[in-house]
Amino acid sequence: MVKPAKTSLWALAMAIPLLAAGVAAVKPRAQPQPLPDTFWTDRRAAARIEARLTHPEADRYRSRAPAGGCPVPAEPMPLGPLARMEAREDWGGIAAAYALEGEWNQAASFLERLPASPERDSDLAAVALARGDHEHALRLLDAALTAKPGLTQALWNRALVFREMGLTLRASELFEEVAKRNEQGWGREAHAQALSLREATLERQRQWKAARDATLALVEDPKAPLPMDAARQLPGAVRGIFYDAVRAAASKERALALLPLAKELDRVQGGSVLTDYVQRVAKRDFSRRADLARQYAETLRAGHAVPEALLNRARASGDDDIYLGALLRGRNGSLTGLQDMVARVSRMGDPWFTYIAERDQARQEVAEGAWWKAEQRLFNALQRCRETTLSVRCLDLERRLTIFYTDQQRLTEAEAHARVLWAGARQLREWETEFNVLEILSHVSRSRNDLGSARAYLEEWAARGATRSCSWPHVQLAHLYSLDLRPDAARRELEAADACADNPMELVFGATVAELSRFGAGPRDAEWLKTVTTKALEGPSVPESDRIYTRYLEGRFLLDQDRARGEALLKQAIKDAEALPRGDVLGRETWALSYSSLAADAGRAGEFPKVVALMAAQLGTPVPSRCALAASVHAERTTLVALGPKGEVKGYYDGSRRESVARADSSRLVPEPLRQTLTGCEHVDVFAWTPLFGRTDLLPPELAWSFRLGRTQGPRPAPASTASRRLVVAGVEAPSLLQLPRLPSWTPEPEPGAAPPDVLSGADATPSRVLERMVDATEIEIHAHGITDPSISGASLVVLSPEVNGRYALTADVVREQKLTGAPTVFLAACSAGRTAAQTTEPFSLPAAFIDSGARAVLASTVDIPETAGRFFDGVRRSIHAGKPAAVALRDERQAWLARDARAVWTRSVLLVERAD
């Protein structure tokens with residue numbers, strides 16, 4: 001951020017008339033009369049921005065015309081008016097003057113001097129928009145419009161953000177809202193913007209639908225004209241249906257009639273695959289094929305699934321194209337017949353289906369747990385596809401990679417591919433794909449805790465989806481508003497969803513109702529929740545986890561109405577969920593949410609010892625009696641309990657938070673009275689659940705402290721007499737697809753009296769070898785790259801050397817399945833290896849996984865670290881060997897590094913997790 005110069009603008013302005021006075025003393029002349037102050041008129045006339053500012057003079061309308069030729073340099077800013085504004089501390093005026101020139105850094109520095117207000121947020125959003133930070137801009141504008149719905153400048157700026165994000169129909173609606181306010185100049189321009197955006201967007205829809213309908217007509221009407229223009233403009237949309245038209249051709253003549261269209265598609269997309277295909281089909285024996293083709297066409301027209309009998313006949317007849325079409329249409333998302341499909345696609349040699357086969361094989365590999373194979377397969381297929389003209393198939397591969405990375409909680413990669421997919425779908429005018437991408441982008445944004453963008457994508461989906469689901473976007477928006485602690489907006493969306501005829505009243509609807517109950521029950525809440533739980537339990541085979549989750553919803557709702565009944569239901573939900581396999585995701589979520597709800601309720605009631613007991617039970621640890629901090633945030637309700645050196649209890653509860661803790665500065669979360677309670681403790685044990693587990697700034701770096709987790713499957717720490725075995729992993733050869741720089745080699749220094757370490761490096765440092773050698777190690781060091789999302793998202797993975805099958809990652813789920821019999825202390829010297837996954841209901845990270853597997857303690861950084869970090873971790877390790885407790889060793893080494901070099905601030909982000917048995 002550029003700060004305003006220290007030299008006073010007033011001083012600069014005064015220097016000019018003083019100099020002029022000196023000249024006049026030498027040569028007297030008549031002084032001109034002061035001219036009218038045209039400062040704002042001149043500034044507006046030269047304005048270089050499209051955003052609106054809230055300063056009255058800066059916001060006066062002036063028409064904008066497209067600029068041609070080379071960019072014209074900005075005129076120097078006149079110092080006199082700026083000095084006068086500075087003298088009266090008109091920071092908003094100075095900010096507006098700089099903003100009109102596009103000097104955003106200067107504008108921001110003066111805006112930050114102003115007190116918080118909707119106007120200030122709107123202007124800061126204009127700065128964020130200019131910088132391309134749409135997430136921050138939306139957050140500011142949402143806050144401004146929530147506080148002041150009539151702030152037209154914020155509404156205009158929000159429309160601009162939506163337009164820049166490609167959310168053009170919603171942007172059009174927002175511009176129309178501005179136009180209805182009939183402001184001079186602005187109203188006319190807003191209407192023009194709205195009309196232009198709407199027409200351009202709907203034209204893409206019309207073109208896509210026309211191409212699709214014209215190609216589908218070939219299946220139903222032999223006399224339908226060939227869509228030659230559509231083949232040139234939207235070859236992907238036409239080609240996808242062209243195959244069905246050939247399959248449905250009931251005669252040689254009908255097949256050959258499609259030949260011109262095949263040649264045109266080949267000309268546009270390259271090669272002769274479709275021409276060869278039509279000619280090959282025309283040579284088939286239609287006395288046998290015709291009936292198959294007619295039946296296939298009938299299922300297409302009726303929109304029915306392909307009957308098994310037709311599938312079997314096509315397989316036996318040797319008409320591979322009909323069989324393949326029937327197989328792809330009849331699978332309904334399953335991978336039935338995958339190997340047969342792959343073999344037939346291979347014989348066809350058509351890249352259109354080759355990429356489908358690659359996509360589905362990757363899905364199978366993910367289902368089998370070999371996700372690294374799927375990643376490599378999809379990555380390679382996408383690289384090959386980008387070298388061809390089959391752009392629509394490339395979009396499908398981008399979509400699969402986006403979903404893959406989202407499921408892996410690698411949200412940086414997921415978002416990158418989603419944005420490429422979004423841009424590509426609009427460029428290729430693939431309207432249906434645009435709908436799908438909006439859902440994906442909303443999901444990814446929500447996983448990143450970017451609720452403003454998640455809502456924006458849903459709003460665009462709703463603006464486009466008049467003929468699609470009515471209730472779905474309203475339910476999703478209600479859920480997002482509840483996460484953002486905007487209960488009134490959430491209730492409005494629930495009412496809108498309930499008014500839809502297609503509202504299925506799914507569990508997410510009930511979860512939103514239950515969580516909103518703490519803001520006060522609505523008149524229909526109990527009825528809604530009853531409907532949701534009844535529907536969820538209908539049917540002969542309801543999963544047990546669904547039954548338990550409905551019990552949680554009822555308990556969570558009743559906790560604010562009938563506390564005793566609510567507590568009983570939540571405790572029963574915990575007991576029942578513990579009986580489920582750990583891999584049952586919904587069961588585990590129910591278990592965690594029930595505990596967090598009970599802890600928040602106890603905090604609200606001031607029952608702070610009960611909070612500590614609940615937190616210890618949830619974490620699987622003994623209940624602490626002294627020098628501990630229990631920290632819980634559930635739906636932004638904060639509960640904190642400090643136990644002092646003599647067991648004194650100090651509690652704190654805050655149910656008024658209106659900002660997501662994911663975006664909050666957690667260094668200010670623990671109030672000073674609670675920190676004072678911990679004074680005198682040699683070290684502090686922190687008992688925290690998600691989303692606070694892993695936050696390295698909960699307590700000050702001058703204090704020795706660590707997170708505590710209980711043992712769930714690993715053995716107890718080995719006795720002190722157990723022979724030590726040190727495992728060092730270094731010199732890893734990362735796979736080329738990740739494009740990571742080679743790390744410098746790390747050679748452990750010999751220690752007097754200690755056995756030489758077991759070193760795995762180079763091609764030997766594969767996941768399987770590392771896992772095998774970890775089993776009985778008493779100390780583990782890993783020096784490697786870590787991959788994670790830099791904006792607080794998914795848990796990290798450590799990049800190791802690839803196996804023969806391509807597997808390269810050491811992930812939390814793999815580590816969790818391991819049993820570490822040596823109860824090791826683990827040092828993860830990898831970037832961000834300690835980061836915990838966002839949007840999960842329990843601590844999910846590499847440190848948590850190591851503790852779960854039997855590690856005694858784990859040290860890891862939650863941020864990127866320099867190449868010198870190995871020495872830092874080694875210093876902590878040596879201090880532990882010298883007899884210091886791990887928390888004290890970490891604190892002392894950190895303080896030593898900071899004293900030597902103030903740039904070592906990354907050391908404050910090294911966390912310690914210890915096991916409490």
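Residues numbered from 1 in each chain as written. Predicted model: local features only at pLDDT ≥ 70, side-chain atom pairs only at ≥ 80, totals over all residues. Heavy atoms only, no water.

## Re the sheet that holds strand 8 (residues 779-783)
- Here we have 11 strands laid out as an open sheet, ordered 3-2-1-4-5-14-13-12-8-6-7, and mixed in their pairing. The sheet is open, and its two edges are formed by strand 3 (649-654) and strand 7 (758-762), each paired on a single side. If you compare each strand with its neighbour and ignore which way they point, the axes differ by 20° on average.
- Judged from the four bridges that link them, strand 5 (residues 705-710) and strand 14 (residues 910-916) form a sheet pairing that is parallel. Opposite Leu709, over in strand 14, you have Arg915 as the bridge partner.
- Where helix 33 (residues 608-619) meets the sheet, it contacts strand 1 (628-634), strand 2 (637-643), strand 3, strand 4 (684-688) and strand 5, and its direction lies at approximately 95° from that of strand 2. (Pairing = 2+ DSSP bridges. Helix = DSSP H or I, 4+ residues; strand = E, 2+ residues; numbered from the N terminus. Axes fitted to C-alpha atoms, helices over the stretch in contact; angles between N-to-C directions. Contact = heavy atoms within 4.5 Å.)

## Re the nonpolar core
- In terms of nonpolar packing, the biggest core is built from 140 residues, with Trp40, Leu82, Leu167, Phe175 and Phe242 touching the most fellow members.
- Every residue in contact with Leu167, bar those within four places of it in the chain, is listed here: Phe162, Trp422, Leu438, Ala456, Tyr457 and Glu460.
- Grouped together as the second largest cluster of nonpolar side chains are 88 residues, Leu553, Leu674, Leu727 and Ala833 included. (Core = buried A, V, L, I, M, F, W, Y, C linked by side-chain atoms within 4.5 Å. Buried < 20%, exposed > 50% of the residue type's maximum accessible area, 1.4 Å probe, protein only.)

## Brief notes about the pattern of salt bridges
- Inspection of every chain in the model, using the stated rule, returns 78 salt bridges.
- The salt bridge involving Arg204 is made with Glu434; its shortest N-O contact spans 3.0 Å. With Arg204 in helix 10 (residues 186-220) and Glu434 in helix 24 (residues 431-447), this pair connects stretches of sequence that are 230 residues apart.
- For Arg204, a relative accessible area of 14% translates into the label buried.
- Across the salt bridge formed by Arg386 and Glu398, the nearest N and O atoms sit 2.5 Å from each other. One end of the pair, Arg386, is in helix 21 (residues 371-386); the other, Glu398, is in helix 22 (residues 391-407), with 12 residues separating them in the sequence.
- The buried category is assigned to Glu398, whose relative accessible area is 3%.
- One network of salt bridges, in which partners are shared, links Glu515, Arg518, Arg556, Asp560, Arg563, Glu567, Asp601, Arg604, Glu607, Lys610 and Arg637. (Salt bridge = Lys/Arg side-chain N within 4 Å of Asp/Glu carboxyl O.)

## Concerning the environment of Asn312
- Within the secondary structure layout, Asn312 lies in helix 17 (residues 308-317).
- A relative accessible area of 33% places Asn312 in the partly exposed class.

## Looking at unusual backbone geometry
- Of note, the amide linkage connecting Thr690 to Pro691 takes the cis form, showing an omega dihedral of 10°.
- Secondary-structure assignment places Pro691 in the loop between strand 4 and strand 5.
- Unlike most non-glycine residues, Glu89 shows phi in positive territory, near 55°.
- Notably, Leu485 is not glycine yet its phi reads approximately 60°, a positive angle.
- Mapping Leu485 onto the fold places it in the loop between helix 26 (471-483) and helix 27 (487-498).

## Some points on the state of the cysteines
- Taken as a whole, this structure holds three disulfides when the rule is applied.
- Sulfur-sulfur distance for the disulfide between Cys470 and Cys500 comes to 1.8 Å. Across the disulfide from Cys470 to Cys500, rotation about the S-S bond amounts to roughly -60°, and the bridge is consequently left-handed. Taken as a pair, Cys470 in the loop between helix 25 (451-464) and helix 26 and Cys500 in the loop between helix 27 and helix 28 (507-516) lie far apart in primary sequence, 30 residues in all.
- Looking at Cys470, the relative accessible area reads 35%, which means it is partly exposed.
- Taking relative accessible area as the criterion, Cys500 reaches 7% and is therefore assigned buried.
- Between the sulfur atoms of Cys627 and its disulfide mate Cys681 the distance is 2.2 Å. An S-S torsion of about -95° defines the bridge between Cys627 and Cys681 as left-handed. Residue Cys627 is found in the loop between helix 33 and strand 1, and its partner Cys681 is found in the loop between helix 34 (672-677) and strand 4; the two are separated by 54 residues along the sequence. Of the two residues, Cys627 and Cys681, both sit in the buried class.
- Here the bonded cysteines of the chain are numbered in sequence order, and their pairing is 1-2, 3-4, 5-6. (Disulfide = S-S within 2.5 Å.)

## Points about the packing of helix 22 against helix 24
- As a packed pair, helix 22 and helix 24 sit with axes 11 Å apart at the nearest point and diverge in direction by 20°. Comparing the axis directions of helix 22 and helix 24 gives the class roughly parallel. Handedness of the crossing formed by helix 22 with helix 24: left-handed. Between helix 22, through Arg399, Thr402, Ile403 and Thr406, and helix 24, the contact on the second element is made entirely by Asn436, Ile440, His443 and Val444. (Parallel < 35°, antiparallel > 145°, perpendicular 65-115°, else oblique. Left-handed = near helix turned anticlockwise from the far one by under 90°.)

## Describing the environment of Pro149
- By secondary structure assignment, the location of Pro149 is in the loop between helix 7 (134-147) and helix 8 (152-164).
- By relative accessible area, which is 55% here, Pro149 ends up exposed.

## Digging into helix 30 (residues 544-558)
- Taking 1.5 Å of rise per residue, 15 residues should cover 21 Å, and helix 30 covers 21 Å from first to last C-alpha, within 8% of that figure.
- Of all 15 residues that make up helix 30, 11 are buried, and the element is covered over most of its length.
- Next to the buried residues of helix 30 lie helix 28, helix 29 (525-536), helix 31 (563-578), helix 32 (585-604), strand 1 and strand 2. (Expected span 1.5 Å × (residues − 1).)

## Here's the deal with the packing of helix 30 against helix 31
- Where helix 30 meets helix 31, the axes come as close as 7 Å, and the angle between the chain directions of the two elements is 155°. Relative to helix 31, helix 30 is oriented roughly antiparallel. The handedness of the crossing between helix 30 and helix 31 comes out as left-handed. Contact residues: Ile548, Arg551, Tyr552, Glu554, Gly555, Arg556 and Leu558 in helix 30; Arg563, Arg565, Gly566, Leu569, Leu570, Gln572, Ala573, Asp576 and Ala577 in helix 31.
- Residues that form the contact of helix 30 with helix 31 fall into these classes: seven nonpolar, three polar and six charged. (Nonpolar A, V, L, I, M, F, W, Y, C, P; charged D, E, K, R; others polar.)

## Comments concerning the sheet that holds strand 10 (residues 797-799)
- Taken together, the three strands give an open sheet; going across it, the order is 9-10-11, and neighbouring strands pair in antiparallel fashion. The open sheet is flanked by strand 9 (785-787) and strand 11 (809-810), the only strands paired with a single partner.
- Judged from the three bridges that link them, strand 9 and strand 10 form a sheet pairing that is antiparallel. In the strand pairing of strand 10, Ile787 is matched with Leu797.

## Let's talk about the pairing of strand 8
- The element strand 8 is extensively covered by neighbouring structure, given that five of its five residues are classed as buried.
- Because side chains alternate across strand 8, one face comprises the buried residues Glu779, Glu781 and His783, and the other comprises Ile780 and Ile782, equally buried.
- As paired strands, strand 8 and strand 12 (residues 825-829) are joined by five bridges and run parallel to one another. Across the sheet, the residue bridging to Glu779 is Thr825, located in strand 12.

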